[in-house]
Amino acid sequence: MYSKNINFIKFIIVMGLLFINSSNIAFADISKDQLYDYLKVSIVGDFFSSYHFDTLIKLAEQGLDKTSLKKMAHNEKYIKLYAHNFMELNESEYTQLMKFYNTEVGKKYKKSMLSMSKINKTNYKPLYEINKCAKEKQALINSINKKLNILQYKQNFATKYLYIINSILINKLEKSIYDSEIKEIKYSDKLMENEKIFSCILYKDFTLNDLNKMYSYASTNAIQKETQLMYEGFDNYISVFFEDIEKIKEMKGSGDNDNQTPHP
C-alpha cells in the first residue's frame, strides 16, 4: 500500500533538501553549508516535506499512477523550487535565525510546527475545543501573527492556490480532491477563523512567557524574512508541481490504450 512508503519518502525529501545544489544560485548570500545547517534546525524542511508528502498521498488515493508519484516524491526540481529561496538570507539574518532555533522557544516552535503537520485537518476543531486559548494568550498569538503578516501571506497563497486548482485540476478530474479546501478558503473571514484555530493549537504548549519571547523574535527582520521566503517558496513549488500532475493525467490517459507507464 502507498502509505507504507511514508517514512521512506519523507527521508528522501529531507535528504534532498540537505543536498540541494546551491552552486546554480547566482544571488546566494549564505553558503551551501550554512543552508544545510539552517534546514536541519528550522521549521522549513519539516513543513515542506509534510505538505509535499500529504499532497502526493491525496493524489495516489485518487488513482494517479503510483510509480510516477513516487518519482515525484524525491524529484530535486521541487526541492529547489522551494528551498533555494532561503539562500537569499544574509549573514545577519542567518545568525539571528540560528540563534533563535537554538533557544528553548525556538526548539519548541519547530517541535510544535512538526506536530501540527501530523494532525489531520478534520481534527483541528475538536482539538481547538479542548485547547481553547484564554483571551490573554489569544491576544498575544494574534500579535505574533500580525508581526509575521501570516494572514496576508495565507490570503495571497490561497488566491493562487485556488486559481491553480481551478485551472489545472477542477475541470480535469471527475471529482476534485480539493473541493473541501476550496470551499474553506473562498472567504477571508473563513480564513481568519481557520487561522485562529490553527495558531491556538500550534501554540497550545507555550506559556505566556514563551509567547512574549516569541513575539520579540517575531519582531525581528530575520523571522519576518523567513516567513516571507517560506510562502514565496510554496508559490514557486505548487505552480510547477500541479503542472506536472496534469502531465501525468494526460500521459496516463494516452497510455491506457497501449499499457505504457507514465513518468513525470
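In this text the structure is predicted, and so the values were computed from the model without any measurement. (Residues numbered from 1 in each chain as written. Predicted model: local features only at pLDDT ≥ 70, side-chain atom pairs only at ≥ 80, totals over all residues. Heavy atoms only, no water.)

Draft legend 1. Structural context of the pattern of salt bridges. Throughout the structure, instances matching the rule amount to nine salt bridges. Lys-225 is paired through a salt bridge with Glu-93; the nearest N and O atoms lie 3.3 Å apart. In this pair, Lys-225 sits in helix α14 (residues 221-255) while Glu-93 sits in helix α6 (residues 91-101), placing the two residues 132 residues apart along the sequence. Exposure remark for Lys-225: the relative accessible area of 17% places this residue in the buried category. (Salt bridge = Lys/Arg side-chain N within 4 Å of Asp/Glu carboxyl O. Helix = DSSP H or I, 4+ residues; strand = E, 2+ residues; numbered from the N terminus. Buried < 20%, exposed > 50% of the residue type's maximum accessible area, 1.4 Å probe, protein only.)

Draft legend 2. Structural context of the packing of aromatic side chains. Scanning all chains against the criterion turns up 14 aromatic pairs. Note on Tyr-153 and Tyr-231: the rings are 5.7 Å apart at their centroids and 5° apart in plane angle, and the pair reads as stacked. Here Tyr-231 lies in helix α14 and Tyr-153 lies in helix α10 (residues 150-170), a separation of 78 residues in the sequence. Residue classification places Tyr-153 among the buried residues on the basis of a relative accessible area of 18%. (Phe/Tyr/Trp six-rings, centres within 6.5 Å; stacked < 30°, edge-to-face > 60°.)

Draft legend 3. Representation of the environment of Leu-35 in the model. Looking at where Leu-35 falls in the secondary structure, it is placed in helix α2 (residues 32-41). Relative accessible area serves as the criterion here: at 0%, Leu-35 is assigned to the buried category. Counting along the chain gives 52 residues from Leu-35 to Met-87, while the straight-line C-alpha distance between them is 6.8 Å.

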